[in-house]
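Architecture at a glance
Next come the chains, spelled out residue by residue.
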Amino acid sequence: MKLRKVAAAGTLVLALTAAGCSSDGGGTSSGSPSGSSAGTGGGGGKITVGIKFDQPGIGLKTPNGTYTGFDVDVATYVAKELGHKPGDIQWKEAKSADRETLLQRGDVDFIAASYSITPARSEKVDFAGPYLLAHQDVLIRADDNSITKPEDLNNKKLCSVTGSTSAQNVKTRIAPNAQLQEYGGYSECLTGLENKAVDALTTDDSILAGYAAQPEFKGKFKLGGFKMSNENYGIGVQKGSELTAKINTALEKMVADGSWQAAVEKNFGPANYQNEPAPKIGVIVS
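Definitions and limits used
- Residues numbered from 1 in each chain as written.
- Predicted model: local features only at pLDDT ≥ 70, side-chain atom pairs only at ≥ 80, totals over all residues.
- Heavy atoms only, no water.
- Helix = DSSP H or I, 4+ residues; strand = E, 2+ residues; numbered from the N terminus.
- Buried < 20%, exposed > 50% of the residue type's maximum accessible area, 1.4 Å probe, protein only.
- Contact = heavy atoms within 4.5 Å.
- Areas by Shrake-Rupley, 256 points an atom, 1.4 Å probe, with all protein chains shown as cover.
- Salt bridge = Lys/Arg side-chain N within 4 Å of Asp/Glu carboxyl O.
- Pairing = 2+ DSSP bridges.
- pLDDT = per-residue confidence, 0-100.
- Axes fitted to C-alpha atoms, helices over the stretch in contact; angles between N-to-C directions.
- Left-handed = near helix turned anticlockwise from the far one by under 90°.
- Nonpolar A, V, L, I, M, F, W, Y, C, P; charged D, E, K, R; others polar.

Turning our attention to the overall build of the protein chain. Scanning the protein chain from N- to C-terminus turns up 9 helices and 15 strands. Here the protein chain holds 286 residues, and the buried ones make up 54% of them. A separation of at least 24 residues holds for 72% of the contacts in the protein chain among residues at least 6 apart in sequence. When the accessible surface of the protein chain is totalled, it reaches about 12500 Å², and 50% of it is carbon and sulfur.

Moving on to unusual backbone geometry. Between G129 and the following residue, P130, the backbone shows a cis peptide bond with an omega angle of 10°. For P130, the position within the fold is in strand β8 (residues 126-134). The backbone phi angle of N155 is positive, close to 70°, even though this residue is not glycine. Note on placement: N155 falls in the loop between β9 (136-141) and β10 (157-161). Non-glycine residue N272 carries a positive phi angle of around 55°.

Note on pairing: side chains with opposite charge can pair once their charged atoms come close. This model, assessed by the stated rule, comprises 11 salt bridges. Between E81 and K253 there is a salt bridge; the shortest N-O distance is 3.3 Å. Here E81 is found in helix α2 (residues 70-81), whereas its partner K253 is found in helix α8 (residues 243-256), with 172 residues between them in sequence. The exposure class assigned to E81 is partly exposed, which follows from its relative accessible area of 30%. Taking relative accessible area as the criterion, K253 reaches 41% and is therefore assigned partly exposed. Of the charged contacts, one joins E100 and R121 as a salt bridge, the two residues approaching to 3.9 Å between their closest N and O atoms. Highlighted residues: E100 in helix α3 (residues 99-105) and R121 in helix α4 (residues 119-122), separated in sequence by 21 residues. Using a relative accessible area of 13% as the deciding quantity, one classes E100 as buried. Look at R121 and you get partly exposed, because its relative accessible area is 24%.

Looking now at the sheet that holds strand β4 (residues 59-61). Strand order in the open sheet formed by 3 strands is β3-β4-β5, and the pairing between neighbours is antiparallel. Two strands in the sheet have a free side with no partner beyond their single neighbour: β3 (54-55) and β5 (67-68). Sheet analysis places β4 next to β5, joined by 2 bridges and oriented antiparallel. Bridging across to β5, K61 finds its partner in Y67.

Let's shift gears to the confidence of the model for the protein chain. For the protein chain, mean pLDDT is 86; residues scoring 70 or higher make up 84% of the total. Here residues 1-32 is modelled with pLDDT under 50, and outside its nearest four sequence neighbours on either side it reaches 57 contacts, counting other chains as well. Low pLDDT, under 50, characterises residues 37-41; the predicted model gives this stretch 22 contacts beyond four residues in sequence or across chains.

Here we come to the packing of α2 against α8. Where α2 contacts α8, the two axes come as close as 9 Å, and the packing angle between them is 115°. Of the two possible hands of crossing, α2 and α8 adopt the one that is right-handed. Between α2 and α8, the residues in contact are D73, V74, Y77, V78 and E81 and I247, A250, L251, K253 and M254, respectively. Considered class by class, the residues forming the contact of α2 with α8 number 7 nonpolar, no polar and 3 charged.

For the rest of this paragraph, the subject is the pairing of β8. The element β8 is extensively covered by neighbouring structure, given that 9 of its 9 residues are classed as buried. Sheet analysis places β8 next to strand β14 (residues 231-237), joined by 6 bridges and oriented antiparallel. Its bridge partner lying in β14, A134 is registered against E231.

Written out as structure tokens, the structure reads:
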């Protein structure tokens, strides 16, 4: 694996932070949502945070209206370090296709939503972090010993959600004879996996671990541990936002005081997720 520094974005952010300026979000000098104080470094008041609403273990809106998951815990910790109490946080759904738009419009202060740092995305938004190194992996039935390496997916029914590139990546690069099965959501893939309609489900290992850790699935599935890609999860902010450096400081503190590891164990532990150590700020594994 190669390491590269997010140098350009980091230099720009530090320069802007030192100068005390930020990008124009179209209405306020900080680019923050109306009524939020986060764009000026926190200090109380409401803050709007984008998360996933449909990923157990990562970001989930529960039936009773609460929010759970690793990204939720990370975002809550960061918001606290920016001067906001948990009750100050207004959670907003950040679907994958909408994340850059939400930030560019200033609809959210920051996004923590299994948001992989990529060169293309970094042209549109800035990233703090990374705060988690995930990998594309597969989830298989706990009693299935026929899939021990990625190539074993050949001639297996491989499930992913409609529009996802994960399964196609496996078929193109690793197992050309895999039989792709596209379902409407990961929950449907899990049902198919449980009922033996499919043999494996593929996406980021952190997402798979989140599903496998749910009480109704305990002991039924296991991760392959194949590490077929590197996904560096970052916290997205508006281009030029002064929040980037402050969020990075908060993430470093979260790791140092043990809160990061506690959040990993809380959200992924039941799936026996073998997480990578907390990544160094600004270092991207490619």
